[in-house]
Amino acid sequence: MLTLTARWPLAGMVLPLVLAGCAAGSRPAASEDARATPNREYRLVDDLCDQLDPTPLTTLSGIPTTQTTYKPVRPEARHRSLGCGLSAVDRENAWVYSLQVSVSLDDAANPAEGKLTSRGAERTVPDLGDRALIHVAETLTLDNPAREGQKVQSQTGTIRVVEGRLGLQLSYSGHGGTAPAVVDAEALLTGYARQTLELLGG
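We now turn to the structure provided with this report. Residue positions are given per chain, counting from 1 as you read along its sequence in written order. Where local features are concerned, this predicted model is filtered to residues with pLDDT of at least 70; where side-chain atom pairs are given and counted, the filter is 80 or more; whole-chain, interface and lining totals use all residues. Heavy atoms throughout the structure, all of them, feed into the side-chain values; hydrogens and water do not.

1. Let's talk about the overall build of the protein
Numbering goes from the N terminus for both helices and strands, where a helix is a DSSP run of H or I of at least four residues and a strand is a run of E of at least two. Check the secondary structure of the protein and you find five helices and eight strands. Scanning the protein from its N terminus toward the C terminus, one meets helices and strands in the order α-α-α-α-β-β-β-β-β-β-β-β-α. Under the scheme applied here, a residue whose accessible area is under 20% of the maximum for its type counts as buried, over 50% as exposed, and between as partly exposed, the area being computed with a 1.4 Å probe on protein chains only. Here the protein holds 202 residues, and 34% of them are scored as buried. Restricting the contact set of the protein to residue pairs at least 6 apart, pairs at least 24 apart contribute 62%. Accessible surface is estimated by sampling points in the Shrake-Rupley manner with a 1.4 Å probe; for residues, cover comes only from the protein chains shown. Accessible area of the protein: about 12,000 Å², with a carbon and sulfur share of 55%. Whether two residues are in contact is decided by their heavy atoms: any pair within 4.5 Å suffices.

Quick look at the structure:
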């Protein structure tokens, strides 16, 4: 997600060409440089869900407006956890599409990295955090409890990400007239995960 550009010391520019060639030959591979890159420092953002771009959710749901909610947090946990949600609601048809965000910051001596283990059908998302796992469940067709004789397509999905001492979980649920393709639901979750990491690391 983040890369640091290595710069040669100025003194190296005046070395003989043969020595410069030797130095270049001993330079670590790009993958080794990436492993040496320090983790980004994250912090909680009180109005996180208000800063998220609602466009992906409104586009996917077809509902033009969204609203945000925040979960209460115990005072002693305010510096290390946050929960909020972004939702698009069609009250006339009782359709709801929502995104729930949960953030946790572990102590520096007890990093989140390495704590994420796969559950069931989750698959790895490449190039996202230190590790990211995603799963979108099979779409179900259910009776609409608010509209007799009307059916709704019900779909849920989750992405979990760890990077350094940051733990992040985003859960999507959609209950409406149609359900997006699995790849579109995965793109929604992945996009919001990347956006959330940027906001927390800004």
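Now that the structure has been shown, the text picks up again.
2. Quick look at the environment of Gln169
Mapped onto the fold, Gln169 is located in strand E8 (residues 166-176). Considering only alpha carbons, one finds Gln169 and Val103, 66 residues apart in sequence, at a separation of 6.6 Å.

3. Notes on helix H5 (residues 182-200)
Given the number of residues in a helix, its expected span is that number minus one, multiplied by 1.5 Å. For H5, spanning 19 residues, the distance from its first C-alpha to its last is 27 Å, which sits close to the expected 27 Å at 1.5 Å a residue. What H5 keeps buried is the set Ala185, Glu186, Leu188, Leu189, Thr190, Tyr192, Ala193, Thr196, Leu197, Leu199 and Leu200.

4. Quick look at the pairing of strand E2 (residues 81-90)
Among the ten residues of E2, eight are classified as buried, and the element is accordingly described as predominantly covered. Summarising the sheet, strand E1 (residues 67-70) and E2 pair through four bridges and their orientation is antiparallel. By the bridge assignment, Tyr70 is partnered in E2 with Cys84. In short, DSSP must find at least two bridges between two strands for them to pair. Looking at chain direction, E2 and strand E3 (residues 95-105) are connected through ten bridges and run antiparallel. Along E3, the bridge assignment pairs Gly83 with Ser102. Once E2 ends, the chain turns through four residues before running back antiparallel as E3, passing Ala94 with a positive phi of about 60 degrees.

5. Some points on the nonpolar core
By size, the foremost hydrophobic cluster in this structure holds 36 residues, and its most contacted members are Leu48, Val101, Val103, Ile159 and Leu170. Every element with two or more residues in this core is listed here: helix H3 (48-51), E2, E3, strand E5 (131-136), strand E7 (151-163), E8 and H5. Considering each element in turn, this core owes the most residues, eight residues, to H5. Setting aside its immediate chain neighbours within four residues, Leu48 contacts Tyr70, Leu82, Cys84, Val101, Val103, Thr196, Leu199 and Leu200. In this text, buried Ala, Val, Leu, Ile, Met, Phe, Trp, Tyr and Cys residues form a nonpolar core when linked through side-chain atoms within 4.5 Å.

6. Details of the pairing of E7
Where E5 lies against E7, six bridges are found, and the strand directions are antiparallel. Looking at the pairing, Leu133 lines up with Arg160 of E7. Taken together, the four bridges between strand E6 (residues 140-143) and E7 define a ladder with antiparallel strand orientation. Of the residues in E7, the one forming a bridge with Leu142 is Val152. Pairing of E7 with E8, which is carried by eleven bridges, proceeds in the antiparallel orientation. Along E8, the bridge assignment pairs Gly157 with Tyr172. Between E7 and E8, which pair antiparallel in sequence order, lie two residues; one of them, Gly164, sits at a positive phi of approximately 60 degrees.

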